[in-house]
Amino acid sequence: MAMHSLSLSSVRSVHQRPKITPKLRNRPTTPVSLQGNLLSWSSSVSYVKLNAVVGKTVSQKRNATIRCATLEEIEAEKTLIEKSAKERMEKAIDSMLSSFNSIRTGRSNPAMLDKIEVEYYGSPVNLKTIAQISTPDSSSLLVQPYDKSSLKAIEKAIVNSDLGMTPSNDGEVIRLSIPQLTSERRKELSKVVAKQAEEGKVAIRNIRRDAIKAYDKLEKEKKLSEDNVKDLSADLQKVTDEYMKKIDSIFKQKEKELLTV
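Residues numbered from 1 in each chain as written. Predicted model: local features only at pLDDT ≥ 70, side-chain atom pairs only at ≥ 80, totals over all residues. Heavy atoms only, no water.

**Side note on the sheet that holds strand β9 (residues 174-177)**
Rules: Pairs of strands are assigned from DSSP output, requiring at least two bridges between the strands. Every helix listed is a DSSP run of H or I at least four residues long, and every strand listed is a run of E at least two residues long, numbered separately from the N terminus. Where helices are involved, their axes are fitted lines through C-alpha atoms of the stretch in contact, as for all axes, and angles between N-to-C directions lie from 0 to 180°. Contacts are assigned to residue pairs that have any heavy atoms within 4.5 Å of one another.
Judged by pairing direction, the sheet is antiparallel, and its four strands sit side by side in the order β6-β7-β9-β8 without closing on themselves. Taken across any chain shown, the strands that pair with only one partner, and hence form the sheet edges, are β6 (131-137) and β8 (167-169). Neighbour-to-neighbour, the strand axes of this sheet turn through a mean angle of 25 degrees, independent of strand direction. Pairing of β6 with strand β7 (residues 140-145) involves five bridges; the strand directions are antiparallel. Bridged to D137 within β7 is S140. Along the sheet, helix α3 (residues 151-160) makes contact with β6, β7, β8 and β9, crossing β8 at roughly 165 degrees.

Right, here's the structure in full:
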């Protein structure tokens, strides 16, 4: 029987040809003539149609329609999942930066007070929302509350924090002197920063894992082929590597600040 080569360049997925089972297949004493079988393919943008005409004995025409993802649909799914992953990775970077900034390096930086929560009229609020924080010089911070009645609450919050600084309250503003770090303390803080950087990397890996699961789900739903998922996963790995490099760069910069006297 002559075989014809079939070109399916418009299809992204590779599907097995449906089996053609004649009605008389279960009756071995009656031969079934499959002479003159005709297999024809017709393709459109997103569908492949297989027509099978079984010889003269069984003259029934059978159609099988297989749904395949178009290039546009694949790109749309990739954009949606990758966008969500990038947004979550950016938040992971921001969270790590916030943790880094809360660690004092011996130099004044308003971000050192980012995590200070103040009990204000019975509710915990971030210090930055009720006071202006400035740096008069490289070794001190100035906290000027918008409401002077909150001075004592702000002072208490700073004392109870892990900053290791003693606030000076003159009834108008609060001043903070930043003590110089000892060599031993710098090394300790460097280890803390390294741990926070590793936590950031773990968060990035978990986000990548969730995105891969989303691709696998689409494959199970027959919306993407195995090859599609491999290609998309490779692209996602490139994005992941970029964010890993960002974390390494930020960590090295923070470590340098800590170890520089």
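**Observations concerning the environment of S84**
For S84, the position within the fold is in helix α1 (residues 71-101). Between the C-alpha atoms of S84 and I207, which are 123 residues apart in sequence, the distance is 9.2 Å.

**Notes on the nonpolar core**
To be explicit about the condition: To qualify as a nonpolar core, a set must consist of buried Ala, Val, Leu, Ile, Met, Phe, Trp, Tyr and Cys residues joined through side-chain atoms within 4.5 Å. Remark: exposure states derive from per-residue accessible area (1.4 Å probe, protein chains only) relative to the maximum for the residue type, with buried under 20%, exposed over 50%, and partly exposed in between.
Core analysis: the biggest nonpolar cluster contains 30 residues, and F100, I204, Y215 and L224 have the highest contact counts within it. Counting only elements with at least two residues in this core, the list comes to α1, α4 (183-220) and α5 (226-259). By residue number, the principal contributor to this core is α5, which donates ten residues. Grouped together as the second largest cluster of nonpolar side chains are 19 residues, M112, I133, L163 and I174 included.

**So, unusual backbone geometry**
Despite not being glycine, Y121 has its phi angle at roughly 50 degrees, a positive value. With respect to the secondary-structure elements, Y121 resides in the loop between β4 (117-120) and β5 (123-126). Judged by its relative accessible area of 68%, Y121 falls in the exposed class. Located in the positive-phi region is K222, a residue other than glycine, with phi close to 65 degrees.

**Points about the packing of α1 against α4**
Here is the rule: Angle categories: roughly parallel below 35 degrees, roughly antiparallel above 145, roughly perpendicular from 65 to 115, and oblique for all the rest. Helix crossings get a hand from a simple test, with the near helix turned counterclockwise from the far one by less than a right angle marking a left-handed crossing and a clockwise turn marking a right-handed one. Side-chain classes follow a simple rule in which Ala, Val, Leu, Ile, Met, Phe, Trp, Tyr, Cys and Pro form the nonpolar group, Asp, Glu, Lys and Arg form the charged group, and the remainder, Gly included, forms the polar group.
Relative to each other, α1 and α4 sit at 165 degrees, their axes nearing to 10 Å. Compared by their axis directions, α1 and α4 come out roughly antiparallel. In this structure, the crossing between α1 and α4 has a hand that is right-handed. Judged by residue contacts, E77, K78, I81, E82, A85, R88, M89, A92, M96, S99 and F100 of α1 engage V193, Q196, A197, A203, I204, I207, R208, D210, A211, A214, Y215 and L218 from α4. Residues that form the contact of α1 with α4 fall into these classes: 15 nonpolar, two polar and six charged.

**Things to note about the packing of α4 against α5**
Two elements in contact, α4 and α5, have axes whose closest approach is 10 Å; the angle formed by their N-to-C orientations is 170 degrees. With respect to α5, the axis of α4 lies roughly antiparallel.

**Quick look at α3**
Keep this limit in mind: This arc is built from the directions going out from the helix axis to the C-beta atoms.
Of all the residues in α3, the buried ones are L151, I154, A157 and I158. For α3, the angular spread of the buried residues around the axis is 130 degrees, confining them to a single face. Those residues of α3 that are exposed and aimed more than 90 degrees away from the buried face are K152, K156 and N160. Among the structural elements, β4, α2 (127-130), β6, β7, β8 and β9 are those in contact with the buried residues of α3.

**Examining the pairing of β5**
One ladder, built from four bridges, connects β4 with β5; its direction is antiparallel. Bridging from a neighbouring strand, Y120 pairs with S123 of β5. Hairpin connection of β4 to β5: two residues between the antiparallel strands, including Y121 at a positive phi of 50 degrees.

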